[in-house]
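This is what each chain is made of:
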Amino acid sequence: MPPHASSHPADLLASVWRELGAESSSAPALAALRTLDAVPLPSRTATAELALASVASVVLAAGLDPASIDPRRVAVAYRSDRYLRVDGAPPPVWAPLSGFWESADGWIRTHGNYPHHARALRRALGLTDTAGPEAVARGVAALSSEAAVDRISEAGGLAVTVRREDPDVDLALRSTPLLDVTTIEPADGRRGERRSPSRGASARMPLAGLRVLDLTRVIAGPVCTRTLALLGADVLRLDPPQLPELPWQHLDTGHGKRTALLDARSPELHALLESADAIVLGYRPAALDRLGLSPDALVEQHPGLVVAQLSAWGTDHPGRAGFDSLVQAESGIAMIEGDDGRPGALPAQALDHSSGYLLAAALTRLLRSRDGRSRIVRTSLRRVAAELLGLPRTTDVVRAPEIDASAHLARFDVDGVPVVTAAPALPGLTFDAPHAWGSDAPRW
């Protein structure tokens, strides 16, 4: 018999609900979480508890029943990349140059899934454009972790030193909100005239009639906007024409959204913003500032807009890029999950997925209770990592059980190509098919 979930998801959900301005969370909802089976994402850290609380936060914000959550479906959704099939084949989720590398004095973690990051990694180590993992391993082994990370970062690549956790750092992060919500009072006292959910919005589609611009990439942000689309929002994802997305990655998180290419400097973007209800930002804060798309600038220009900002390291590190795997490595999670001095990883990219669901919960609540004032909500992968590191953990070595995922998959035809993805983690809902990346026009 599967073990029951601990009380920690309910406690975390109650904390999130308070941060979102609710006077109290639903007592039946919290009780329901305690009766569910544990999410089968075993690890030394409380990945299962974090996943259940994150999904439950959206379920509660949408007015759905947390008692209907299927923990196995949550696990499949969190490990969606493992179940994705495009034309019958699994995609190359991890590129050869993404991973852990032993240095002269420890370990580093690199991310080379995007071609420009892989090129920068090779360039930093003085390698040819075709050099493979063996050459990278030799190059990193000759350097200290600090020297290797500095070289790779200066060349435009992505790498971090694998570190042990620093409890003081995490305690300081946990003293800040997991979901930091700011209400903006317009200087002239005039509130923006924005839509509320349409009268036709149903219990299962509470965001019907609302428009959301999606300026995110990779996993966390797209999971957030995919969830908003699942709840009825009209979501339009915009990508820069010069920065292609990995096609499989969009198919994994693009359900129910339209996807278009548009330069962020284009006047068309602000025309879209004029009739948008919310925007989700997933690029580095410094890059958004340069484009005039910081949350503060957006709410000043578009009163009533709800802005969600997600970053890897938080707004205290505005110029720093990152991914779930890098945050796991630098925060200490990788060493906790490793064995015999070698780093390891969580059973899913749980920082990404949890950030996405938590941000979707915040947006869902804010959009359903809007009053004409702008609001900004922020979180980061690093802040979510601190939350995970503050939850109880085990020292036991655990292995992820095999899940029969057949009942938790969705099947689509995308431009004539059969695609299999994980089904929604939210109970009772069905994904619409993802569109091929960049195949729609940039208009509502």
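Going by the structure above, here's the rest.
Residues numbered from 1 in each chain as written. Predicted model: local features only at pLDDT ≥ 70, side-chain atom pairs only at ≥ 80, totals over all residues. Heavy atoms only, no water.

J.: I'm lost on the sheet that holds strand S4 (residues 159–161) in this one. Help?
T.: Within a beta sheet, neighbouring strands are joined by backbone hydrogen bonds and run either parallel or antiparallel to one another. Read from one edge to the other, the open sheet built from 3 strands follows the order S2-S3-S4, with strand pairing classed as antiparallel. Bordering the open sheet on either side are strand S2 (99–102) and S4, each of which pairs with just one other strand. Adjacent strand axes in the sheet meet at a mean angle of 25°, parallel and antiparallel pairs treated alike. The sheet contact formed by strand S3 (residues 107–110) and S4 spans 3 bridges and is antiparallel. Following the sheet pairing, threonine 110 is matched in S4 by alanine 159. Docked against the sheet, helix H8 (residues 145–154) engages S3 and S4, running at close to 160° with respect to S4. (Pairing = 2+ DSSP bridges. Helix = DSSP H or I, 4+ residues; strand = E, 2+ residues; numbered from the N terminus. Axes fitted to C-alpha atoms, helices over the stretch in contact; angles between N-to-C directions. Contact = heavy atoms within 4.5 Å.)

J.: Is there a simple way to think about the pattern of salt bridges in this case?
T.: In a structure, side chains of opposite charge can pair up when their charged atoms sit close to one another. Under the definition given, this model contains 17 salt bridges. Between glutamate 245 and arginine 237 there is a salt bridge, and its shortest N-O distance comes to 3.0 Å. Neither residue differs from the other here; glutamate 245 and arginine 237 are each classed as buried. Of the charged contacts, one joins arginine 373 and aspartate 371 as a salt bridge, the two residues approaching to 2.8 Å between their closest N and O atoms. By sharing partners, the salt bridges in this structure join Glu185, Asp371, Arg373 and Arg375 into a single network. (Salt bridge = Lys/Arg side-chain N within 4 Å of Asp/Glu carboxyl O. Buried < 20%, exposed > 50% of the residue type's maximum accessible area, 1.4 Å probe, protein only.)

J.: For this particular structure, what's the right way to read the sheet that holds strand S8 (residues 258–261)?
T.: The 7 strands lie next to each other as S5-S11-S10-S9-S6-S7-S8, forming an open sheet whose pairing is mixed. At either end of the open sheet lies a strand with only one pairing partner, and these are strand S5 (180–184) and S8. The average undirected angle you get between the axes of adjacent strands in this sheet is 20°. Where strand S6 (residues 211–215) meets strand S9 (residues 278–281), 4 bridges bridge the pair, whose relative direction is parallel. The partner of leucine 215 across the bridge, within S9, is leucine 281. Lying over the sheet, helix H18 (residues 381–389) contacts strand S10 (306–311) and strand S11 (374–380), oriented at roughly 60° with respect to S11.

J.: Explanation requested: H8 in the structure shown.
T.: Two residues of an α-helix separated by three or four positions point the same way, owing to the 3.6 residues in each turn. Taken residue by residue, H8 has Ser145, Ala148, Val149 and Ile152 as its buried positions. What you see down the axis of H8 is that its buried residues fit within an arc of 95°, all on one side. Turned more than 90 degrees from where H8 packs its buried face, Glu146 and Glu154 sit exposed. Positive backbone phi, at 95°, marks glycine 156, one or two positions downstream of H8. (Arc of directions from axis to C-beta.)

J.: Help me out: how do you make sense of the packing of helix H3 (residues 47–61) against helix H17 (residues 350–368) in this one?
T.: A pair of packed helices is captured by two measures, namely the crossing angle of their axes and the spacing between those axes. Interhelical geometry of H3 versus H17 gives an angle of 20° and a closest axis separation of 8 Å. In terms of axis orientation, H3 runs roughly parallel to H17. In this structure, the crossing between H3 and H17 has a hand that is left-handed. For the pair formed by H3 and H17, the contact residues are Thr47, Leu50, Ala51, Ser54, Val55, Ser57, Val58 and Ala61 on the first element and Ala350, Ser354, Tyr357, Leu358, Ala360, Ala361, Thr364, Arg365 and Arg368 on the second. For the contact of H3 with H17, the per-class residue count stands at 10 nonpolar, 5 polar and 2 charged. (Parallel < 35°, antiparallel > 145°, perpendicular 65-115°, else oblique. Left-handed = near helix turned anticlockwise from the far one by under 90°. Nonpolar A, V, L, I, M, F, W, Y, C, P; charged D, E, K, R; others polar.)

J.: I would appreciate a short explanation of the pairing of S2 in the present structure.
T.: If a strand is regular, its side chains alternate between the two faces of the sheet. Here S2 pairs with S3 via 4 bridges, running antiparallel. Residue pairing for S3: tryptophan 101 is matched across the bridge by isoleucine 108. Here S2 hands over to S3 after 4 residues, the two strands then running antiparallel side by side.

J.: When you look at the environment of valine 76 in this model, what are you seeing that I'm missing?
T.: Of note, valine 76 is situated in helix H4 (residues 71–78). Accessibility expressed as a relative area gives 0% for valine 76, which makes it buried. On a C-alpha basis, the gap between valine 76 and aspartate 404 in space is 9.3 Å, while along the polypeptide they are 328 residues apart. Sequence-distant contacts of valine 76, defined by excluding residues within four places in its chain, comprise Tyr83, Ile403, Ala405, His408, Leu409 and Ala422.

J.: How should I be thinking about helix H2 (residues 27–35) in this particular structure?
T.: When H2 is considered as a whole, its buried residues turn out to be Ala29, Leu30, Ala32 and Leu33. Buried residues along H2 cover an arc of 155° about the axis, so they all sit on one side. Exposed and oriented more than 90 degrees from the buried face of H2 are Ala27, Pro28 and Thr35. For H2, the secondary structure elements touched by its buried residues are helix H1 (8–19) and H3.

J.: Looking at this structure, I do not really get the environment of alanine 95. What am I missing?
T.: With respect to the helices, strands and loops of the structure, alanine 95 is situated in the loop between strand S1 (85–86) and S2. Residue alanine 95 is classed as buried on the basis of its relative accessible area, which comes to 18%. Along the primary structure alanine 95 and proline 115 are separated by 20 residues, whereas in three dimensions their C-alpha atoms are 9.2 Å apart. Residues in contact with alanine 95, not counting those within four places in the same chain, are Gly112 and Asn113.

J.: How should the side chain of serine 355 be read in this particular structure?
T.: Relative to the helices and strands, serine 355 is located in helix H17. Setting aside residues no more than four positions away along its own chain, serine 355 makes contact with Ala220, Leu310, Thr379, Ser380, Leu381 and Val384.

J.: Quick question: what am I supposed to make of the packing of aromatic side chains here?
T.: Think of a pair of aromatic rings as described by two things: how far the centres are apart, and how the planes are tilted against each other in angle. On inspection of all chains with the given rule, the structure shows 2 aromatic pairs. Between tyrosine 78 and tyrosine 357, the ring centres sit 5.8 Å apart and the planes meet at 20°, which makes this aromatic pair stacked. You can see tyrosine 78 sitting in helix H4 and its partner tyrosine 357 sitting in helix H17, a full 279 residues away along the chain. As far as burial versus exposure is concerned, tyrosine 78 and tyrosine 357 are alike and both buried. Its end group placed over the ring of tryptophan 94, arginine 109 keeps NZ or CZ at 5.2 Å from the ring centre. One cation-aromatic arrangement involves arginine 109 over phenylalanine 100; the distance from NZ or CZ to the ring centre is 4.5 Å. (Phe/Tyr/Trp six-rings, centres within 6.5 Å; stacked < 30°, edge-to-face > 60°. Lys NZ or Arg CZ within 6 Å of the ring centre and 35° of its normal.)

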